[in-house]
Number of protein chains: 2
Amino acid sequence: MANGKIPYKIYLSEEEAPKFWYNVKAHMRGAHAPFIDPVTGRACTSAALKKVFCDECVEQELNDVDELIEIPDGIRSFYRMFRPSPLVRAYFLEQMLGTPAEIYYKFEGNNTSGSHKLNSAAAQAYYAHEQGLKALTTETGAGQWGTALSMAAAFYGLQLDIFMVKVSAEQKPHRREVMRTYGARVIPSPSDTTAAGRKLLAEFPGTGGSLGCAIAEAVEKAAKTESCRYVLGSVLDHVLLHQSVIGQECKIALDKYGVVPDVIIGCCGGGSNFGGLIAPYMGERLQGDNNVEFVGVEPASCPTLTRGKFAYDFCDSAKTTPMAKMYTLGCGFMPSANHAGGLRYHGMSPVISQLYHDGYIRAVAVEQTSVFRAAVDFAKCEGILPAPESSHAIKVAIDEALECKRTGKKKKILFGLTGTGYFDLSAYKQFNDGVMSDVIPNDDDLKKGFESIPRCKANEGLL
Amino acid sequence: MANGKIPYKIYLSEEEAPKFWYNVKAHMRGAHAPFIDPVTGRACTSAALKKVFCDECVEQELNDVDELIEIPDGIRSFYRMFRPSPLVRAYFLEQMLGTPAEIYYKFEGNNTSGSHKLNSAAAQAYYAHEQGLKALTTETGAGQWGTALSMAAAFYGLQLDIFMVKVSAEQKPHRREVMRTYGARVIPSPSDTTAAGRKLLAEFPGTGGSLGCAIAEAVEKAAKTESCRYVLGSVLDHVLLHQSVIGQECKIALDKYGVVPDVIIGCCGGGSNFGGLIAPYMGERLQGDNNVEFVGVEPASCPTLTRGKFAYDFCDSAKTTPMAKMYTLGCGFMPSANHAGGLRYHGMSPVISQLYHDGYIRAVAVEQTSVFRAAVDFAKCEGILPAPESSHAIKVAIDEALECKRTGKKKKILFGLTGTGYFDLSAYKQFNDGVMSDVIPNDDDLKKGFESIPRCKANEGLL
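Residues numbered from 1 in each chain as written. Chains lettered and ligands numbered in written order. Predicted model: local features only at pLDDT ≥ 70, side-chain atom pairs only at ≥ 80, totals over all residues. Heavy atoms only, no water.

Regarding the packing of helix 11 (residues 237-256) of chain A against helix 12 (residues 272-286) of chain A
All names here are of chain A. Note the following rule: Angles run from 0 to 180 degrees between N-to-C directions of axes, and those axes are lines fitted to C-alpha atoms, restricted for helices to the stretch in contact. Secondary structure counts use DSSP, requiring at least four H or I residues in a row for a helix and at least two E residues in a row for a strand, with both numbered from the N terminus. Here the word oblique covers every angle except those under 35 degrees (roughly parallel), over 145 (roughly antiparallel) and from 65 to 115 (roughly perpendicular). Crossings are classed by handedness, with left-handed meaning an anticlockwise turn of the near helix from the far one by less than a right angle and right-handed meaning a clockwise turn. We call two residues in contact when some of their heavy atoms are within 4.5 Å. Residue classes follow a fixed rule: Ala, Val, Leu, Ile, Met, Phe, Trp, Tyr, Cys and Pro count as nonpolar, while Asp, Glu, Lys and Arg count as charged, and any other residue, Gly among them, counts as polar.
The N-to-C vectors of helix 11 and helix 12 enclose an angle of 55°; their axes lie 6 Å apart at closest approach. The angle between the axes of helix 11 and helix 12 places the two elements in the oblique class. Crossing hand, helix 11 versus helix 12: right-handed. Facing Val239, Leu240, Gln243, Ser244, Ile246, Gly247, Gln248, Cys250, Lys251 and Leu254 of helix 11, the residues of helix 12 in contact are Ser272, Asn273, Gly275, Gly276, Leu277, Ala279, Pro280, Tyr281 and Glu284. For the contact of helix 11 with helix 12, a count of residues per class yields 9 nonpolar, 8 polar and 2 charged.

In structure tokens:
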């Protein structure tokens, strides 16, 4: 076992670690359609966005010119805590599958937040601190993003209010406790601390809340608090930019051994992990310098790319945010219960959406029972208990490797292992007990979702 | 920050990784007093021990001659999954404390079992597999050891029955689920599957079980199952030997940068982590080649070294095991509730006990509220949420560093960060809520415990 020239794990030294994020938009002709203010019907201005987000993040959001954007020293210093993350050659998995393929995965779970989310949390907290802000607000569902941001806020000395979907806060008290340990205030949403929360509570007294409401509360709270901004953990271009540190590290590590992946696979929720993982390789592909295949994997229960529409839609279900042109199931789409909380999102990063629309990305939807089967096989031979989200990529990587076994092709497969499943054990229990099921939306469910996509000027000819 | 010559993290390459465990007993004159069979009153024979444990583990248990014992390829291959573990220079902690000291820690938590336990689990499962055994049994309390062994058993294709203290199985369903995911059968103890379990159930129908009973059940089950042995996760010499991979890696990493620690600090429960961490440095010290100070840290609620007796005692509370000469609070001692489950043990590794008795180790007992305070400070600046057990070492390392701040000494401090606290969040909640308390045994409590130490020939003159 593990006797090839390539080590089981490639760790970059501090000198080798990336000094730049990779902005794939520099190579997308016209990047993607701009955000639209639903009130004015016009593209959002930088000034308007800066009222909500940190200045530097807005600059990055709107930058479709510079391929490389320097990672400031203050962020690289923070990254040293948990980066470079290991690039693993999955020798044991290859052996178990009996495949001629080479399988590599980039493991982002070796930090207390348990996922890649910390890459952008660190950057956003740093920029807030540099701007002289004192506080941040955000929302969290399952809690990975909230945990990551609480760590970054503690490090840079910022106050942090996290609006956590009430039902999640009750179901995941341990996630909540990590955030509290890092000094964040965790407010179950809907709460009586904001007008948006009070409105919802008056309408639906017993509600367990929603991500849409939590976003609305966090945005409102940021606007009403001095020296405070709102931060978001996925979907947006600057978040994908920060996540490109994943792809940059992969490329540096694989280049050292002369390896160019034939296919790169990542799970797709809002798209930030996948966008970050593929960034430098996609940049090359857009310039005609490689022929890598990019595969985004989504849950069959929330098939945004494979069954959604490419249209302008709100980023939240409460319809309070600007509209983005993206693949969407409709902001009113309610995905069925699925344990990959991080993939239950009606929309998709505008960058990923545009690249998919232009034919650079293949999308696959998989069912959760098959995902958990792959997860358990992986855990037993590679020793890491993966997050349900990450396991979507594992499932498709295994399928690719088995296809190589049939065809004899020696493909080089790279996938993103975004995090660990230590806080997802009730989902594993359901699988272990044999009582997990797959619920896939039928055409009527989708139709209902599509009806929530706004009928507006921007969507003329698209719907 | 982090701008010295020494990187934030030192990862060894696969070529640099240790090929040998370090057997400190080779440098202890007479090693330590042998195990005694309570029935015959004589030293346990190799043959008797081999009925319970794997052959090779017994050989290692009784080896007090060879300084270096080769790590077989099959184990080194498994180790590649999660080793070498990072040796971290705690630049951020140093900065927060404003200390002139250099602080280093060896982080063993980057694997799914969440702790160093996997080092010995891998070795013991490998040897069982090599011996042609088909199955293993063990017990687990909080679940870290059980998790580690379930991973190793899955990897080497062994069946595994884990007797988990019933009250722990109910309190920690998530730990239990990890073990099930890795294919282990988790049996809440006491159970009706063994005579020992049935006896206890008949006597105390509603009991939540104890580690002593779980050990008795696991030993009985192993004896009655074909091709099966019992394995233990701490205390024994061969377990310390396997854990010496920690110290070996530390030494290789620090030697590269010319660093010799002035003080090495580890938490002490059964002693395996501490024994493994200090092994090569202690070996040198015993030969007069260095002057390192070794500090074992235990909870004030279970002060085995600082307030215990050096005598022959049973390793379990059910009095079924051989007797070991060790520091002990008495096998009947019931430590008060403390969140560091891994440190709630009445005895101490015979190797550590002997070295402590001979004056080579200093022991410190600390209270859990101060331990959690240190843990939270550490988490905020170093980004890792530590296990309560590990945090005992953090607490004393911080105290040492602050002492350096007062004296101006530039000590080099190395401590063992044995694991993560992801499954200990109810303990953190108690701390965050401000309702954690310290319960320290009074002299009467200790006296009661001492009365459970056997009055036998071996203890003449000791009690």
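Further notes follow.
Observations regarding the interface of chain A and chain B
For clarity, the threshold we go by: Accessible area that two parts lose when put together, with a 1.4 Å probe and added across both, is what the buried area reports. The salt bridge definition used is simple: a Lys or Arg side-chain nitrogen within 4 Å of an Asp or Glu carboxyl oxygen.
Tallying the contact residues gives 42 residues for chain A and 42 residues for chain B. Both faces combined, the contact of chain A with chain B buries some 3900 Å², and carbon together with sulfur accounts for 57% of it. At the junction of chain A with chain B, the criterion picks out 2 salt bridges. Ionic pairing is found between A:Arg180 and B:Asp433, a salt bridge with its closest N-O pair at 2.8 Å. Those elements giving two or more residues to the side of chain A that touches chain B turn out to be helix 6 (144-156), helix 8 (173-181), helix 15 (368-382) and helix 17 (425-432) of chain A. Taken together, the residues that form the side of chain A that touches chain B break down as 22 nonpolar, 10 polar and 10 charged.

Comments concerning empty space enclosed by the protein
So the rule is basically this: As defined here, a cavity is a set of points on a 1 Å grid over the protein atoms alone where a 1.4 Å probe fits but cannot get out. A pocket is an open set with protein on both sides within 12 Å along at least five of seven lines, and residues line them when an atom is within 4 Å of a point. Grid points are joined across faces, edges and corners, and a volume is the space filled by probe spheres set on the points.
Within this structure, the stated rule accounts for 10 cavities of 30 Å³ or more. If you trace the largest cavity, you find 44 residues lining it, with A:Phe107, A:Asn110, A:Asn111, B:Phe107 and B:Asn110 closest to the centre. Looking at the lining of the largest cavity, the elements that each hand over two or more residues are strand 5 (102-107) of chain A together with strand 5 (102-107) of chain B.

Considering the pairing of strand 12 (residues 309-314) of chain A
Residues and elements named next belong to chain A. To keep things clear, this is the line we draw: Here the term buried applies to any residue with accessible area under 20% of the maximum for its type, exposed to any over 50%, and partly exposed to those in between, with areas from a 1.4 Å probe on protein chains only. Note: two strands are recorded as paired if DSSP finds a minimum of 2 bridges between them.
The element strand 12 is extensively covered by neighbouring structure, given that 5 of its 6 residues are classed as buried. For strand 12 and strand 13 (residues 323-328), the ladder comprises 6 bridges, and the chain directions are antiparallel. Paired with Lys309 across the strands is Thr328, a residue of strand 13.

Quick notes on the environment of A:Tyr422
Short version of the rule: We call two N or O atoms a polar contact when they sit within 3.5 Å, provided that within protein one can donate a hydrogen and the other can accept it, with sequence-adjacent residues counted only if both atoms are side-chain atoms.
Counting through the fold element by element, A:Tyr422 comes out in the loop between strand 15 (412-417) and helix 17. In this structure the C-alpha to C-alpha distance between A:Tyr422 and A:Ala387, which are 35 residues apart in sequence, comes to 7.5 Å. Beyond its immediate chain neighbours, meaning those up to four positions away, A:Tyr422 contacts A:Leu385, B:Asn111, B:Thr112, B:Tyr422 and B:Phe423. A polar atom in the side chain of A:Tyr422 sits 3.5 Å from the side chain of B:Thr112.

Focus on the packing of aromatic side chains
To keep it simple, the criterion reads: A pair of aromatic rings is counted whenever rings of Phe, Tyr or Trp (Trp by its six-membered ring) have centres within 6.5 Å, and the orientation is called stacked for planes under 30 degrees apart, edge-to-face for over 60 and tilted otherwise. Comment: the charge-over-ring label is applied if NZ (Lys) or CZ (Arg) is within 6 Å of the ring centre and within 35 degrees of the ring normal.
By the definition in use, this model includes 38 aromatic pairs over all chains. Aromatic side chains A:Tyr327 and A:Tyr356 sit 5.0 Å apart centroid to centroid with 75° between the ring planes, which places their arrangement in the edge-to-face category. Within this pair, whereas A:Tyr327 is found in strand 13, its partner A:Tyr356 is found in helix 14 (residues 350-357), the two being separated by 29 residues in sequence. Both residues of the pair, A:Tyr327 and A:Tyr356, count as buried. Among the aromatic residues, those joined into a ring-pair cluster are A:Tyr8, A:Phe92, B:Phe78, B:Tyr79, B:Phe82, B:Tyr126, B:Tyr127, B:Phe155 and B:Tyr156. Looking at B:Lys251, its charged tip hangs above the ring of B:Tyr281, at a distance of 5.7 Å from the centre.

Remarks on the packing of helix 5 (residues 118-130) of chain A against helix 6 of chain A
Residue and element names in this part refer to chain A. It is at 8 Å that the axes of helix 5 and helix 6 come closest, and there the two elements cross at 40°. Crossing of helix 5 over helix 6 shows right-handed handedness. Residues Leu118, Ser120, Ala121, Ala122, Gln124, Ala125, Tyr126 and His129 of helix 5 form the contact with helix 6, whose participating residues are Trp145, Ala148, Leu149, Met151, Ala152, Ala153 and Tyr156. When grouped by side-chain class, the residues that make up the contact of helix 5 with helix 6 number 12 nonpolar, 3 polar and no charged.

What about the sheet that holds strand 4 (residues 87-89) of chain B?
Residues and elements named next belong to chain B. Across the sheet, which stays open at both edges, the 7 strands sit in the order 1-4-5-15-10-11-14 with mixed pairing between neighbours. Sheet topology places strand 1 (9-10) and strand 14 (361-366) at the edges, where each strand pairs with a single neighbour. Alignment of strand 4 against strand 5, held across 3 bridges, turns out to be antiparallel. Counted as the bridge partner of Arg89 is Tyr104 from strand 5. Against the sheet, helix 11 (residues 237-256) engages strand 1, strand 4, strand 5 and strand 15 (412-417), with an angle of about 140° to strand 5. Seen against the sheet, helix 12 (residues 272-286) touches strand 10 (263-267), strand 11 (293-299), strand 14 and strand 15 and runs at an angle of roughly 155° to strand 10.

A word on the pairing of strand 11 (residues 293-299) of chain A
All names here are of chain A. Worth spelling out the cut-off: Crossovers are marked right-handed if the path from the first strand over the helix to the second runs clockwise, as seen with the strands pointing away from the viewer.
For strand 11, the buried fraction is high: 6 of the 7 residues fall into the buried class. Bridge count for strand 10 (residues 263-267) against strand 11 is 5 bridges, and the pairing is parallel. Across the sheet, the residue bridging to Gly266 is Gly296, located in strand 11. With respect to chirality, the unit in which strand 10 leads through helix 12 into the neighbouring parallel strand 11 is right-handed. Pairing between strand 11 and strand 14 (residues 361-366): 6 bridges, direction parallel. Note on strand 14: the bridge partner recorded for Gly296 is Ala363.

Points about the environment of A:Gln354
All names here are of chain A. Mapped onto the fold, Gln354 is located in helix 14. The exposure class assigned to Gln354 is buried, which follows from its relative accessible area of 14%. For the pair Gln354 and Ala33, spaced 321 residues apart in sequence, the C-alpha to C-alpha distance is 8.5 Å. Residue contacts for Gln354: discarding those within four places in its chain leaves Met28, Ala31, His32, Ala33 and Phe310.

Digging into helix 12 of chain B
The α-helix advances 3.6 residues per turn, and as a result positions three or four apart in sequence lie on the same side. Residue and element names in this part refer to chain B. To keep things clear, this is the line we draw: Note that the bend at a residue is defined as the angle between axes fitted to the seven residues ending at it and the seven residues starting at it.
The sharpest bend along helix 12 reaches about 60° and sits at Ala279, with the proline Pro280 one to four residues further on. Of all 15 residues making up helix 12, 14 are buried, and the element is well covered by its neighbours. Positioned one or two residues after helix 12, Gly288 has a phi angle of 80°, which is positive.

Notes on the sheet that holds strand 4 (residues 87-89) of chain A
All names here are of chain A. Overall, mixed pairing links the 7 strands, which are arranged 1-4-5-15-10-11-14 in an open sheet. If you trace the sheet from one side to the other, it starts and ends with strand 1 (9-10) and strand 14, each paired once. Along the sheet face, helix 12 touches strand 10, strand 11, strand 14 and strand 15 and points at about 155° away from the line of strand 10.

Topic: the state of the cysteines
Cysteine pairs can be linked by a disulfide, which is a covalent bond between their two sulfur atoms. All names here are of chain A. Under the convention used in this document: Sulfur atoms of two cysteines make up a disulfide when they are within 2.5 Å.
This model, assessed by the stated rule, comprises 0 disulfides over all chains. With no disulfide partner, Cys44 has as its closest neighbouring cysteine sulfur the one in Cys315, 9.3 Å distant. Exposure remark for Cys44: the relative accessible area of 17% places this residue in the buried category. Between Cys250, a free cysteine, and Cys267, which holds the nearest cysteine sulfur, the sulfur-to-sulfur gap is 13 Å.

Details of the relation of the copies chain A and chain B
Condition: Here the copies are matched by least squares. The fit uses the C-alpha atoms of residues with pLDDT of at least 70 in both.
In the superposition of chain A on chain B (RMSD 0.0 Å, axial shift 0.0 Å), the rotation amounts to 180°. Accordingly, the operation relating the two chain copies is best matched by a two-fold axis. Looking at the rotation axis and the C-alpha trace of chain A, the residue lying nearest is A:Asn110, at 3.0 Å.

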